[in-house]
Each structure stands twice: as structure tokens, then as C-alpha cells.
Amino acid sequence: MTKTSSHTPIHVIGGGLAGSEAAWQIAETGIPVILHEMRGVRGTDAHKTDSLAELVCSNSFRSDDATSNAVGVLHAEMRLAGSLIMRSADANQVPAGGALAVDRDGFSAAVTAALESHPLITVTREEVTGLPPEAWDQAIIATGPLTAPSLAAAIQARTGADSLAFFDAIAPIVHTASIDMDICWFQSRYDKVGPGGTGKDYINCPMDEAQYNAFVDALIAGDTTGFKEWEGTPYFDGCLPIEVMAERGRETLRHGPMKPMGLTNAHNPTVKAYAVVQLRQDNALGTLYNMVGFQTKLKYGAQAEIFRLIPGLENAEFARLGGLHRNTYINSPTLLDRSLTLKGRPGLRFAGQITGCEGYVESASIGLLAGRFAAAERLGQTPSLPPETTAFGALLNHITGGHIVSDDEPGKRSFQPMNVNFGLFPPLEPGAVVRPEGLKRFRGKDKAVAKKQATAARALEDCARWLGR
């Protein structure tokens, strides 16, 4: 077969995991693709080779458990959808226990070979410096967190000054069900009822003086990681790491993000808290809450240990931990429709990390969806959206509309990049989790595992149905 087709080609900009997967999905439908990759003409500060789908950081795709782990479910759904990224990962797997880790060189070589040999894919080594021309009526931008400055400037000019973030300041996000509400309580400061609020819009974790001092000591002693040279990201007062604030003075935090004013402990109204940690609802489902003002450069292990010192968070399960780093991503819920198309520019889609997802598999999965949606339109069809009960659908929903708009902090970006996790999935129907036969007590860890298993099973069943399997 030659690289010919009766269809006009679809252009994909960026040959990372998302762009590679998008190109593969399009070509597998019989539509030609031109994949534009600047490496080979212009390098980046992080990549070392010119190979497509090069893994810049870890060689791990994380858990491959599709029965009770959200990323494992995403692996399984991608395999069902004929993912090139997953096929190449499986073919180049190295021992890693329950995780899927790969030989990074073998993996990227396999992806590159598959794309370059596909009869309907043309790989063009060139830098695309602006938005795709109108003549490219179907195009996907999948340029990732290291998008070239000229293209980033063009995206920003088209979408608005506040629509593109170059700096990612993220506070830890906690699964709501893991917060001890016998210690914590719902209340807005001074019972303020903002637009769409109730006066009980925050979860509050109280600290006495001894607990506060122990927490500050732990923060100051915590193991931190410095900025990578290529990130070029400075601290600024609006996003100071929590540990830097603690170093500026013992009282800084309790006069800043941990101030106790305007709050009354519902469990112990007569005792005034010395400091309070507030958590704010992070997604529309109410299954995730973020720790207000807790952006940090603490290493992940230190974060989990130190933040579990907070009363009510002793058994916290984190959907993601905090960080500050360079990360180019767009404000997708405002800019993109449900099929990842830029509003006001039909046929132009975004995919991968630039849309506001994190992780190799998440990036590739959004590329997979963008490719399928673009191919459907080229064939004159309406793109079929995955059910929100699937890992595909849960991640897509987060990117295109699952966030909470912050009314009490005008101008604050409430949308933040996220790995796939069960907190993004819709709750199970009543009665979906049944106590195993012979188990007398069914709560705590046992019930949490059963809920994950039921959510995973529902996702895979619904995904297979969506794919017509």
C-alpha cells in the first residue's frame, strides 16, 4: 500500500506520546496523517534524542492493575482501543513488580518504526511556529509542556492572555472519603455565602498550638527538590511553597493560609483552634478536595508523611501531591468543547499534556481520543464521546468541564493538571458494592477496595460497549 488516500490528510503537531497515538489512531481508520515533529531540526532542553514518543523522565507507566487502580484501568481501555503506545510498551516491558515499566530506548524505537512505516503516515521534521493555517481543516496540537515559545505565543494570542499557563503551582488534592469528618467540619470563613455557595464550602482541619508547632518543624525539616535548570521557574509571593512560608517565621502560616479567624469548630465550639487547614472542593462531583495554599516543593514521600500530621488527614489518600514547575497548558474547560476542539476554530483540536492532564498514559489517552474524534469528523460523522464512567470519559470530563469555578478568588485558575484517579469517576449506583460473603465487618479498607473494584469493572464494561467490543 502506498501513502495515498481519497481523504485529505489530518495534521498532527508534536511527536510525543499524545501526537504519536493520535496519528496512529487516525491512520488506522484509513485517513492519511502528516505528523510534524520539530526534533531533528530544533531540540528541547529536556529531550536527548530525535525519536518519537521519547520518555523524558521515568520509564514507568505506573500500575498495570486493571481491577482496582485507575491508571491500570486506563491501560486496559487503551489496549481495547488498539493503542500503539500500549502495544509498544507491552513489547518492551522490563521487570517492575505490579507496574508497567519499559526499556525507554526500545519503546520509543518501536513507536518510531511503526509510525514511519505506516503507509498512511508521513513524518515531517519541521518546527510549526504558529497556529495551523486554515487550509489544515483538521489538525491536532499535541506539543506538550515544552511547547516551543513561538507556538506558545501564537496559542496565547489566539486564546487570550490568561488562557495559557507556563507555571504550574499545585496544592495536594485529597480523596474526600478519606477525610475524618469526626475531626473536621464544613464551614466557610465567617459563614460567608458566596455565589453558588452555602456558607459551608470548605472542610476545616483544626490544630492546637503543639500540633501547629510540630507541623511547622516538620515542614522546615522536610526533604525538598530544587527546580530543574531547564524549568527556569522562579518563586513569587502569590505562589510561595508552604515550606518557604514556614521558614520566613513561625507565625507566618497561621497568619496566612492557616489562619483560624472566622471559624468555629462544630465538634468543640468553645475551644478556639490555634490554626486551621482548609480544603476546598476541587471537582464538580465533590469527590476531591484541595488543600488551600499548600503548593510545595517537598518530595512526594515527605509530603504524604508531613500532611498526614494534620488532624483529620491522618489517613488521607492523595489523588495527587503538590508541586511547582514549568508546565505549559491551556485553560481547557473554557477553551475546548467536549471533543477537544478549540471553540471558534472548527477542526482544530488539542491533545496531551497541553490540555491539562499529567502522566505518560493520560497524555497518550487524550491523543487517542483526539485522533478518533478528528477521524470521525473527516469521515463525516459526529465524534462518539466515551461514557463518563470509563477512564477515558472521566479524564476527558476533567479536562473539558469537571472543575470548580472559584468565585471567592477572582482571577484564580481553578483548573489544574491531573493524573487519572478514581476521584474523577462518577459515584457508583446505590447497591453496586456488595459485602463479600463471609465477611462480618465491611468498612474501612475492605469497603474502599471493593468500591475501586466495582468502579474498575463498570469502566471496562462500559468502555468495551462504547468501542463495540
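Just so it is clear, the model here is predicted, and its values are computed rather than measured.

**Comments concerning the overall build of the protein**
- A tally of helices and strands in the protein yields twelve helices and 16 strands.
- Looking at the protein residue by residue over its 469 residues, the buried ones come to 54%.
- In the protein, once contacts between residues fewer than 6 apart in sequence are set aside, the share between residues at least 24 apart is 71%.
- Surface summary for the protein: the accessible area is close to 19,800 Å², and the carbon and sulfur share equals 52%.

**Quick look at the environment of Ser 188**
- Counting through the fold element by element, Ser 188 comes out in the loop between β10 (185–186) and β11 (202–207).
- The exposure class of Ser 188 is buried, given its relative accessible area of 3%.
- Sequence separation between Ser 188 and Thr 198 is ten residues, and the spatial gap between their C-alpha atoms is 8.2 Å.
- Once residues within four sequence positions are removed from consideration, Ser 188 is found in contact with Gly 199, Lys 200, Asp 201, Tyr 202, Gly 262 and Leu 263.
- Of the polar contacts made by the side chain of Ser 188, one reaches the backbone nitrogen of Asp 201; its length is 3.1 Å.

**Topic: the sheet that holds strand β5 (residues 99–102)**
- The strand order across the open sheet formed by three strands is β3-β5-β4, and the pairing between neighbours is antiparallel. Strand pairing shows two members of the sheet lacking a second neighbour, β3 (60–63) and β4 (93–94), which therefore form its edges.
- Relative to β5, β4 is paired through two bridges, and the arrangement is antiparallel. Paired with Gln 93 across the bridge in β5 is Val 102.
- Its contacts with the sheet place helix α2 (residues 70–80) against β3 and β5, and it is angled at close to 115 degrees to β3.

**So, the packing of aromatic side chains**
- Counting across every chain of the model gives nine aromatic pairs.
- Here the aromatic rings of Phe 61 and Phe 107 are separated by 5.5 Å at their centres, their planes lie at 80 degrees, and the arrangement is edge-to-face. Of the two residues, Phe 61 is situated in strand β3 and Phe 107 in helix α4 (residues 104–117); the sequence distance between them amounts to 46 residues. This pair shows no difference in class: Phe 61 is buried, exactly as Phe 107 is.
- Linked through ring pairs, Phe 61, Phe 107 and Tyr 360 together constitute an aromatic cluster.
- Over the ring of Tyr 274 we find Arg 254; its NZ or CZ atom is 3.9 Å from the centre of that ring.

**Quick word on the sheet that holds strand β13 (residues 288–291)**
- The antiparallel open sheet is built from six strands, whose spatial order is β10-β11-β12-β13-β9-β14. The sheet terminates laterally at β10 and β14 (318–320), the two strands that pair on one side only.
- By the bridge criterion, six bridges tie β11 to strand β12 (residues 275–281) in an arrangement that is antiparallel. Within β12, the residue paired with Asn 204 across the bridge is Gln 278.

**Side note on unusual backbone geometry**
- Even without glycine at this site, Ala 53 takes up a positive phi of about 55 degrees.
- Its identity as a non-glycine residue notwithstanding, Tyr 190 has a phi of 60 degrees, on the positive side.
- Secondary-structure assignment places Tyr 190 in the loop between β10 and β11.

**Some points on the pattern of salt bridges**
- Following the criterion strictly, the structure yields 14 salt bridges and no others.
- Asp 90 is the partner of Arg 79 in a salt bridge, and the nearest nitrogen-oxygen pair spans 2.9 Å. Separated by eleven residues along the polypeptide, Arg 79 in helix α2 and Asp 90 in helix α3 (residues 84–91) bring together distant segments of the chain.
- Owing to a relative accessible area of 32%, Arg 79 belongs among the partly exposed residues under this scheme.
- Notably, a salt bridge pairs Glu 461 with Arg 465, separated by 3.1 Å at the nearest N-O pair.

**Considering the confidence of the model for the protein**
- Overall, the prediction assigns the protein a mean pLDDT of 87, with 87% of residues at 70 or greater.
- Residue range residues 233–238 is modelled with pLDDT below 50. Its contacts to residues more than four positions away, or to other chains, number 13 contacts.
- When the criterion is pLDDT under 50, residues 408–412 qualifies, and its contacts beyond four places in sequence or with other chains add up to four contacts.

**Side note on helix α11 (residues 391–400)**
- Counting buried positions over the ten residues of α11 gives ten, a clear majority of the element.
- Within α11, the full set of buried residues consists of Ala 391, Phe 392, Gly 393, Ala 394, Leu 395, Leu 396, Asn 397, His 398, Ile 399 and Thr 400.
- The elements touched by buried residues of α11 are α2, α9 (332–335), α10 (360–378) and α12 (444–466).

**Re the side chain of Thr 390**
- You can see Thr 390 is positioned in the loop between α10 and α11.
- Within the structure, the side chain of Thr 390 is placed 2.6 Å from the backbone oxygen of Pro 387, a separation counted as a polar contact.
- If near-sequence neighbours (up to four positions away) are discounted, Thr 390 is found in contact with Glu 77, Phe 425, Ala 459, Asp 462 and Cys 463.

**Brief notes about helix α1 (residues 17–27)**
- Burial analysis of α1 places eleven of its eleven residues in the buried class, which makes it a mostly covered element.
- For α1, the full list of buried residues reads Leu 17, Ala 18, Gly 19, Ser 20, Glu 21, Ala 22, Ala 23, Trp 24, Gln 25, Ile 26 and Ala 27.

About the criteria used
Residues numbered from 1 in each chain as written. Predicted model: local features only at pLDDT ≥ 70, side-chain atom pairs only at ≥ 80, totals over all residues. Heavy atoms only, no water. Helix = DSSP H or I, 4+ residues; strand = E, 2+ residues; numbered from the N terminus. Buried < 20%, exposed > 50% of the residue type's maximum accessible area, 1.4 Å probe, protein only. Contact = heavy atoms within 4.5 Å. Areas by Shrake-Rupley, 256 points an atom, 1.4 Å probe, with all protein chains shown as cover. Polar contact = N/O pair within 3.5 Å; in protein donor to acceptor, adjacent residues only side chain to side chain. Pairing = 2+ DSSP bridges. Axes fitted to C-alpha atoms, helices over the stretch in contact; angles between N-to-C directions. Phe/Tyr/Trp six-rings, centres within 6.5 Å; stacked < 30°, edge-to-face > 60°. Lys NZ or Arg CZ within 6 Å of the ring centre and 35° of its normal. Salt bridge = Lys/Arg side-chain N within 4 Å of Asp/Glu carboxyl O. pLDDT = per-residue confidence, 0-100.

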